[in-house]
Amino acid sequence: MKYSQKTRDLSQLIAENCTSCKRCMKDCLFLQKYCDDPQELFDRFLTEDLDPIVPYSCLLCGRCTVVCPLQLKLDEAFLAMRQDLAKEKLPLKQLKSVRVHQWLSTSRLFCGWNLGKKADK
């Protein structure tokens, strides 16, 4: 996978500046599952291919940036990875259930309002 320069720059910034304090990992099940610390994860991203499910597993909540003493934007880096993957049209079969959920949650059958009628005023 060829990632954009923006994605590589964001990742490089994190890999070079993260002090491995692990504050971001305290409340993040995603980081706890996929790495020992963010610096290691982004070093790995820069030197080898990560499984595409990794960036899609981040909730993009931004909590990591809030607690990071350096305000490193891990969520922005994972979003950039996702955007690059989407440009390459890399479908992830692990995410098929998300597509089905989105389709069902907006269908007339499961929706709380009728899409065919105008709301009463």
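Scoring rules and cut-offs
Residues numbered from 1 in each chain as written. Predicted model: local features only at pLDDT ≥ 70, side-chain atom pairs only at ≥ 80, totals over all residues. Heavy atoms only, no water. Helix = DSSP H or I, 4+ residues; strand = E, 2+ residues; numbered from the N terminus. Buried < 20%, exposed > 50% of the residue type's maximum accessible area, 1.4 Å probe, protein only. Contact = heavy atoms within 4.5 Å. Phe/Tyr/Trp six-rings, centres within 6.5 Å; stacked < 30°, edge-to-face > 60°. Arc of directions from axis to C-beta. Polar contact = N/O pair within 3.5 Å; in protein donor to acceptor, adjacent residues only side chain to side chain.

Turning our eyes to something else, we now look at the overall build of the protein chain. When helices and strands are tallied, the protein chain shows 7 helices and 0 strands. The order of helices and strands in the protein chain, counted from the N terminus, is α-α-α-α-α-α-α. The burial tally for the protein chain puts 33% of its 121 residues in the buried class. For the protein chain, contacts bridging at least 24 residues in sequence account for 62% of all contacts bridging at least 6.

Enumeration according to the criterion identifies 4 aromatic pairs in this entry. Where Phe30 meets Tyr34, the ring centres are 5.5 Å apart and the plane angle is 50°; that geometry is what we call tilted. Of this pair, Phe30 and Tyr34 both sit in helix 2 (residues 29-34), separated by 4 residues, roughly a single helical turn. Ring centres of Phe30 and Phe78 lie 5.0 Å apart, and the angle between their planes is 85°; on these two criteria the pair is classed as edge-to-face. Pair noted here: Phe30 is in helix 2 and Phe78 is in helix 6 (residues 74-87), with a separation of 48 residues, a long-range link. A network of ring pairs unites the aromatic residues Phe30, Tyr34, Phe42 and Phe78 as a single cluster.

Okay, helix 3 (residues 38-47) next. By the burial criterion, the buried members of helix 3 are Pro38, Leu41, Phe42, Phe45 and Leu46. The arc enclosing the buried residues of helix 3, seen along the axis, measures out at 135°, which places them on a common side. On its buried side, helix 3 packs onto helix 1 (5-17), helix 2, helix 4 (53-57) and helix 6. A distance of 3.0 Å separates the backbone nitrogen of Gln39 from a side-chain oxygen at the start of helix 3, and that oxygen is part of Asp37.

Another point: unusual backbone geometry. The phi angle at Ser20 is positive, at roughly 60°, despite the residue not being glycine. Mapped onto the elements of the fold, Ser20 is located in the loop between helix 1 and helix 2. A relative accessible area of 24% means that Ser20 is categorised as partly exposed. Of note in the backbone geometry, Lys22 takes a positive phi value of approximately 70° without being a glycine. Residue position: Lys22 is located in the loop between helix 1 and helix 2. On the accessibility criterion, Lys22 (42% relative accessible area) is partly exposed.

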